[in-house]
Every structure is written in C-alpha cells, then in structure tokens.
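# Examination of the molecular architecture
The lines below spell out each chain.
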Amino acid sequence: MSIKAVIFDMDGTLHDSEIIHRRGWYRAAEEMNITGIEEDCVYCTGIGVVQAREYFERVHPDVDWEEFHSCAHKHINKIIDEGGIPKRKGAVELLEYLEANGIKMAVATSTPVSMARRDLELSGLLKYFDVVIGGDMVQNGKPNPDIFLMAAELLGVLPADCLGVEDSHNGIRALHAANIRAIFIPDLMEDTDELKKLYSVKLNSLDETVSLIEKE
C-alpha cells in the first residue's frame, strides 16, 4: 500500500455542514440587510478567512466584515447547538479502515482551528486525527496549497505519498497546487471542466475511498 496519509477537508467532506454555514450566512445577511449573499457563498466555499474577507470587503464595501462574520457565526453556532453536526455518509467506516491499516490522518480546514476541534469533538471524529490544521494557522488559505503542505509536513510524509479528500472547488485547486492526489466528493458544488483536470477521481461517498486505497 503506497498511501501513507490521507488529508481531509472538514465542512462538506467529513461533516454534512456546508449547508449549516450557508444558512448562517443567509441569516446574517437577512439580519444586516445584505443582498447577493447566494453568490458570495458560492465564491467563498472552501477558501481561507483572509481570502473571504478580501472578497467580501471588495463586493460589500459598505458592510463591516467583522460584524457580518460575527453575526454569521452566531447563527451557525445556534444551528449546531440545536441540531448537532451530522457526518457525511461513510465517514466513520473510512476513518476506522485507515486507523486499522496504520494510515495517518489529518484535517486541513479553512475553519479556525479551535472551532474545527470543537466541531470534530461534537461529531465524534476528533479521536481519529493525528493533526488538525485550521485556516487561522496559515497565511495563505485555500486555493493556495499552504494548509495541505503543512499537514503533510506535520504528519511526516511527502505530499506525493498522500491523498486529499475535498468537496469544494477551492479545496481541489489547493490539493492540485500541493501536488497531492485529490479525491473530489461533491456536496453543494457541481463538477466543472476545470476541476476534471485537477482531481484524480470523483466519488459519491467517503466509503468508496476504501476500495480506491486497496488498489494502490
């Protein structure tokens, strides 16, 4: 088996939570009377906080980003408190398989690390991971490769010996830039001609990854 590590995105990949984040943004936009939030959500899915802020301030120059971001997370946290964090299909089965076969695991998410660890604890998945990296730990977030390169380094493996699992376009771009083979498991975002050139394979669910690794 040539795969030594698997690096996962979190929201939309391990957790069925992209919709939670979008609902938080929608509710904040409604509360603050901001229009065009649907397009904002599509653009910002999977990117780092710095990049999201730069985009938001460019598109909404009259809106205070910190106020909006705080308001959105207030709503996101309320949704999580009320309903928890659902896992995506096959998450536990895949993580159990990787653990049993001695394959290292990391999370590389644009979510700040304290929130990421909290969410992984709530979903029961934190125990599987050797490394958790949040978007606040790197200067250049996705679609830049920094967060995936840091994950590989902290795991002690070469990028070429890793697989990366993502649901977002920006995440796939980041994996490609890091020279890490990318698995695309779509959630809220559709496939594109650009993306087909960047990922190694597209799957329907996380548990399909097991047979892929066994062929290595």
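Structure: above.
As a starting point, this report considers the structure included with it.

What counts and what doesn't
- Residues numbered from 1 in each chain as written.
- Predicted model: local features only at pLDDT ≥ 70, side-chain atom pairs only at ≥ 80, totals over all residues.
- Heavy atoms only, no water.
- Helix = DSSP H or I, 4+ residues; strand = E, 2+ residues; numbered from the N terminus.
- Rg over C-alpha atoms; globule rule 2.2 N^0.38 Å.
- Contact = heavy atoms within 4.5 Å.
- Areas by Shrake-Rupley, 256 points an atom, 1.4 Å probe, with all protein chains shown as cover.
- Lys, Arg positive; Asp, Glu negative; His and termini not counted.
- Charge placed at Lys NZ, Arg CZ, Asp CG, Glu CD.
- Buried < 20%, exposed > 50% of the residue type's maximum accessible area, 1.4 Å probe, protein only.
- Pairing = 2+ DSSP bridges.
- Right-handed = clockwise from strand over helix to strand, strands pointing away.
- Phe/Tyr/Trp six-rings, centres within 6.5 Å; stacked < 30°, edge-to-face > 60°.
- Core = buried A, V, L, I, M, F, W, Y, C linked by side-chain atoms within 4.5 Å.
- Arc of directions from axis to C-beta.

### Thoughts on the overall build of the protein
Within the protein, the regular secondary structure consists of 10 helices and six strands. Expected size for 216 residues packed as a compact globule is a radius of gyration near 17 Å; at 17 Å, the protein falls within 12% of this value. Along the first, second and third principal axes, the C-alpha set of the protein runs to 55 × 35 × 30 Å. In the protein, the share of contacts with a sequence separation of at least 24, taken over all contacts with a separation of at least 6, comes to 64%. Summed over its atoms, the accessible surface of the protein is roughly 10000 Å², and 48% of this surface lies on carbon and sulfur atoms. Measuring between centres, the 22 positive side-chain charges of the protein sit 3 Å from its 38 negative side-chain charges.

### Let's talk about helix 8 (residues 169-177)
Because the α-helix completes a turn every 3.6 residues, residues three or four places apart line up on one side. Taken together, the buried positions of helix 8 are occupied by His169, Asn170, Gly171, Ile172, Ala174 and Leu175. Positive backbone phi, at 60 degrees, marks Asn179, one or two positions downstream of helix 8.

### Quick notes on the sheet that holds strand 3 (residues 131-133)
Read from one edge of the open sheet, six strands run 3-2-1-4-5-6, paired in parallel fashion. If you trace the sheet from one side to the other, it starts and ends with strand 3 and strand 6 (201-202), each paired once. Where strand 1 (residues 5-8) and strand 2 (residues 104-108) come together, four bridges link them in parallel fashion. Within strand 2, the residue paired with Ile7 across the bridge is Ala106.

### Concerning the pairing of strand 4 (residues 162-166)
Consecutive residues of a regular strand have side chains that alternate between opposite faces of the sheet. Extensive coverage of strand 4 is indicated by the burial of five of its five residues. Neither face of strand 4 is left uncovered, since the one carrying Cys162, Gly164 and Glu166 and the one carrying Leu163 and Val165 both have all their residues buried. Of the pairings in the sheet, the one linking strand 1 to strand 4 comprises four bridges and is parallel in character. The partner of Phe8 across the bridge, within strand 4, is Val165. Inspection of the sheet shows strand 4 paired to strand 5 (residues 181-184) by four bridges, in the parallel sense. Bridge pairing in strand 5 links Leu163 to Arg181. Between the parallel elements strand 4 and strand 5, the chain passes through helix 8 in a crossover that is right-handed.

### Let's talk about the packing of aromatic side chains
Both the distance between ring centres and the angle between the ring planes are used here to describe each pair of aromatic rings. By the definition in use, this model includes nine aromatic pairs. An angle of 90 degrees between the planes, with centres 5.1 Å apart, marks the rings of Trp25 and Phe68 as edge-to-face. With Trp25 in helix 1 (residues 18-32) and Phe68 in helix 4 (residues 65-83), the pair connects residues that are 43 residues apart, well separated along the chain. Taking the relative accessible area as the measure of exposure, Trp25 reaches 11% and is therefore buried. The rings of Trp25, Phe56, Trp65 and Phe68 are connected pair by pair, giving a single aromatic cluster.

### Some details on the nonpolar core
The biggest cluster of nonpolar side chains holds 29 residues, and the ones touching the most others in it are Val6, Phe8, Leu14, Leu98, Leu120 and Phe129. Counting residues per element, this core draws most heavily on helix 5 (residues 91-100), which supplies five residues. Look past the residues within four positions of Leu98 in its chain and what remains in contact with it is Val6, Phe8, Ile103, Met105 and Ile213. By size, the runner-up hydrophobic cluster in this structure holds 24 residues, among which are Ala5, Ile133, Leu155 and Ala182.

### Considering helix 7 (residues 146-155)
Listed in full, the buried residues belonging to helix 7 are Ile147, Phe148, Ala151, Ala152 and Leu155. Taken around the axis of helix 7, the buried residues stretch over an arc of 135 degrees, which confines them to a single face. Projecting away from the buried face of helix 7 at angles above 90 degrees are the exposed residues Glu153 and Leu154. Tucked inside the fold, the buried residues of helix 7 contact strand 1, strand 2, strand 3, strand 4 and helix 8. A positive phi of about 80 degrees marks Gly156, the residue just after helix 7.

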